[in-house]
Amino acid sequence: MKTITDLELENKKVLIRCDFNVPIKNGKIIDDTRIKESLKTINYCIEKNAKIILLSHLGRVKTESDKKDKTLKPIAKKLEKLLNKEIKFIPETRGKKLEDAVDSLKNGELLLIENTRFEDINGKKESSNDKELGKYWASLGDIFINDAFGTIHRKHASNVGIASNKDSAVGFLVEKELNVLSELKCPTKPFIIILGGSKVSDKIGVIKNLVKKADRILIGGGMAFTFLQSEGYNIGSSILDQDSLDFCRDILNKYPEKILLPVDVNVTTEFSNSTKNEVKDITEIADNEMGLDIGPNTITLYENYLKDAKTVLWNGPLGVYELNKYKKSTDEILKFLVDNNIKTILGGGDIVAAASNAKLNDKVYHASTGGGATLEYLEGKKLPGVEVIK
Ligand code: AMP
């Protein structure tokens, strides 16, 4: 597959699809990890004296009123600070103003196009990979670099559309993410997978694809309760993924030694920090109680397996980490892995956010910038953004 270093960038107009899809509250960026991760590719293009045209999506844009909160203007400001360089922000996704700005770019200068998903308002042009749109964006540059790992599993106009019309390569971030994930084809053993998060259904593909390769799969989070119910435990009012009960029962029957479930949980009666909570054995959950975190005996049990691991893959938090009372197991096991220097790959999304809150995300071996993309890769699916460049 072509990577950025295979292309001649000098004096060229280089389109870079970045992933600037970061959380923003009241116009302020809360976590700039994804922006920082894009800097290596951008700086390389600056050093090569390219004329740089940046594209990204931000959130979902369905109506005109969504535009106000989903503009990339705050991203341009943040990038200016991080790069210490002016960014020409064009509040349009097409048209003369954009084309003139592209034409007037000098070597080493940068321009940022408005949120690519503004094109979704009239007919989902970006998200449905509208042919005309991909061709139009491609016409603005000489070369295309896809460095947005977070959307590499999507077939959109701003990635697959442009790449179908231009000489293309992946950027440093996508290259790094793919290299790490490919290490999981032949992981150093023992290889342990930690799975949490809310729904079993989102993780079925990963379990099916990796259960043979993994030495253990440690289950936590909301999804643990569907597994527990399939084994006949009363899970009270804990989250249940009814449609996945049969899958849970079958996979536990097939791999009883490999798939481990919590032995105790932290329960409460309301989804809130303020109601009383209590640690209970999984045999003792009352009808009005919901489990929002795994308990201390489960943490010890899981750490006992993890201490010998040579590779750990982790997707989904083990409890409701957004509520202070229920982030203990996620934080503690993250810290355990870091302190014991265990090669750990965090599969994007909420577990990376949890690690970032605990200031541990840059201490693990790899924290992926793409949750959905990582899951699809681990399910053995092809990634359209990569395939088109291959
Ligand atoms: P996912 O996107 O499937 O990885 O799910 C992440 C979400 O799972 C987070 O927002 C967590 O708050 C949630 N979660 C983790 N543990 C539980 C639990 N015991 N009950 C309900 N939700 C949970």
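Residues numbered from 1 in each chain as written. Predicted model: local features only at pLDDT ≥ 70, side-chain atom pairs only at ≥ 80, totals over all residues. Heavy atoms only, no water.

## Re the overall build of the chain
Stage number 1. Within the chain, the secondary structure is distributed over 15 helices and 17 strands.
Stage number 2. Since a compact globule built from 390 residues should have a radius of gyration of about 21 Å, the 23 Å found for the chain is in line with a globular shape.
Stage number 3. For the chain, the proportion of its 390 residues judged to be buried stands at 55%.
Stage number 4. Residue pairs at least 24 apart in sequence account for 72% of intrachain contacts in the chain once pairs closer than 6 positions are excluded.
Stage number 5. For the chain, the exposed surface amounts to about 17200 Å²; the carbon and sulfur share of it is 46%. (Helix = DSSP H or I, 4+ residues; strand = E, 2+ residues; numbered from the N terminus. Rg over C-alpha atoms; globule rule 2.2 N^0.38 Å. Buried < 20%, exposed > 50% of the residue type's maximum accessible area, 1.4 Å probe, protein only. Contact = heavy atoms within 4.5 Å. Areas by Shrake-Rupley, 256 points an atom, 1.4 Å probe, with all protein chains shown as cover.)

## Concerning the site of the ligand
Stage number 1. Of all residues adjacent to the ligand, which total 16 residues, the nearest are Ser 198, Gly 222, Gly 291, Gly 319 and Glu 322.
Stage number 2. Within the side chain of Glu 322, a nitrogen or oxygen atom sits 2.5 Å from an oxygen atom of the ligand.
Stage number 3. In the complex, the protein chains occlude 83% of the 500 Å² of accessible area that the ligand would expose alone.
Stage number 4. For the shell around the ligand, a count of residues per class yields five nonpolar, seven polar and four charged. (Near = heavy atom within 4 Å. Polar contact = N/O pair within 3.5 Å; in protein donor to acceptor, adjacent residues only side chain to side chain. Nonpolar A, V, L, I, M, F, W, Y, C, P; charged D, E, K, R; others polar.)

## Focus: the packing of aromatic side chains
Stage number 1. Taken as a whole, this structure holds one aromatic pair when the rule is applied.
Stage number 2. Taking 5.2 Å as the distance between ring centres and 85° as the angle between the ring planes, the aromatic pair formed by Tyr 44 and Phe 172 counts as edge-to-face. Of this pair, Tyr 44 sits in helix α2 (residues 39-47) while Phe 172 is found in helix α7 (residues 172-183), placing the two residues 128 residues apart along the sequence.
Stage number 3. One cation-aromatic arrangement involves Arg 94 over Tyr 136; the distance from NZ or CZ to the ring centre is 5.7 Å.
Stage number 4. Residue placement shows Lys 343 over the ring face of Tyr 365; its charged tip is 4.7 Å from the ring centre. (Phe/Tyr/Trp six-rings, centres within 6.5 Å; stacked < 30°, edge-to-face > 60°. Lys NZ or Arg CZ within 6 Å of the ring centre and 35° of its normal.)

## Comments concerning the sheet that holds strand β16 (residues 344-346)
Stage number 1. Pairing in this open sheet of six strands is parallel, and the strands run β11-β10-β9-β15-β16-β17 from one edge to the other. Only two strands of the sheet have a single neighbouring strand rather than two, namely β11 (259-260) and β17 (366-367).
Stage number 2. Sheet topology note: the strand β9 (residues 191-195)/strand β15 (residues 311-315) ladder contains five bridges and is parallel. Residue pairing in the sheet places Phe 191 in a bridge with Thr 311 of β15. (Pairing = 2+ DSSP bridges.)

## Describing the packing of helix α9 (residues 223-230) against helix α10 (residues 245-254)
Stage number 1. One way to put it is that α9 packs onto α10 with a least axis distance of 8 Å and a crossing angle of 70°. Judged by the angle between their axes, α9 and α10 are roughly perpendicular. Within the contact between the two elements, α9 uses Thr 226, Phe 227, Gln 229 and Ser 230 and α10 uses Leu 245, Phe 247, Cys 248, Arg 249, Ile 251 and Leu 252.
Stage number 2. Residues that form the contact of α9 with α10 fall into these classes: six nonpolar, three polar and one charged. (Axes fitted to C-alpha atoms, helices over the stretch in contact; angles between N-to-C directions. Parallel < 35°, antiparallel > 145°, perpendicular 65-115°, else oblique.)

## Focus: helix α11 (residues 296-306)
Stage number 1. All of the buried residues in α11 are Thr 298, Ile 299, Tyr 302, Glu 303 and Leu 306. Buried residues of α11, seen end-on, are gathered within an arc of 130° and therefore sit on one face of the element. (Arc of directions from axis to C-beta.)

## Some points on unusual backbone geometry
Stage number 1. The omega angle of the peptide bond from Lys 189 to Pro 190 is 0°, so this bond is cis rather than trans.
Stage number 2. Mapped onto the elements of the fold, Pro 190 is located in the loop between α7 and β9.
Stage number 3. Residue Asn 26 is not a glycine yet carries a positive backbone phi of 50°.
Stage number 4. Within the element layout of this structure, Asn 26 appears in the loop between β2 (24-25) and β3 (28-29).
Stage number 5. The phi dihedral of Asn 84 falls on the positive side, at around 55°, and the residue is not glycine.
Stage number 6. Among the structural elements, Asn 84 can be located in the loop between α3 (73-83) and β5 (87-90).
Stage number 7. Here Asn 84 falls in the exposed class, since its relative accessible area comes to 71%.

## A few points about the domain arrangement of the chain
Stage number 1. Each assigned domain of the chain is listed here: domain 1 (4-174) and domain 2 (186-378).
Stage number 2. One C-alpha centre belongs to domain 1, the other to domain 2, and the line joining them spans 35 Å.
Stage number 3. Contact residues are listed per partner, giving ten residues for domain 1 and nine residues for domain 2.
Stage number 4. Across the interface of domain 1 and domain 2, roughly 680 Å² is buried in total on both sides, 58% from carbon and sulfur atoms.
Stage number 5. Linking domain 1 with domain 2 are zero salt bridges, by the criterion used here.
Stage number 6. The tally of links between domain 1 and domain 2 comes to one residue pair in polar contact (both at pLDDT 80 or more).
Stage number 7. For the side of domain 1 that touches domain 2, the residue count by class is three nonpolar, three polar and four charged. (Domains from an automatic or database assignment. Buried area = accessible area lost by both parts, 1.4 Å probe. Salt bridge = Lys/Arg side-chain N within 4 Å of Asp/Glu carboxyl O.)

## Some words on the packing of α2 against α3
Stage number 1. Following both chains from N to C, one finds α2 and α3 inclined at 65°, their axes separated by 12 Å at the closest point. By the criterion of interaxial angle, the relationship of α2 to α3 is roughly perpendicular. The way α2 lies across α3 gives a crossing that is right-handed. Of α3, the residues touching α2 (which contributes Leu 39, Ile 42, Asn 43 and Ile 46) are Leu 79, Leu 82 and Leu 83.
Stage number 2. Within the contact of α2 with α3, the residues separate by chemical class into six nonpolar, one polar and no charged. (Left-handed = near helix turned anticlockwise from the far one by under 90°.)

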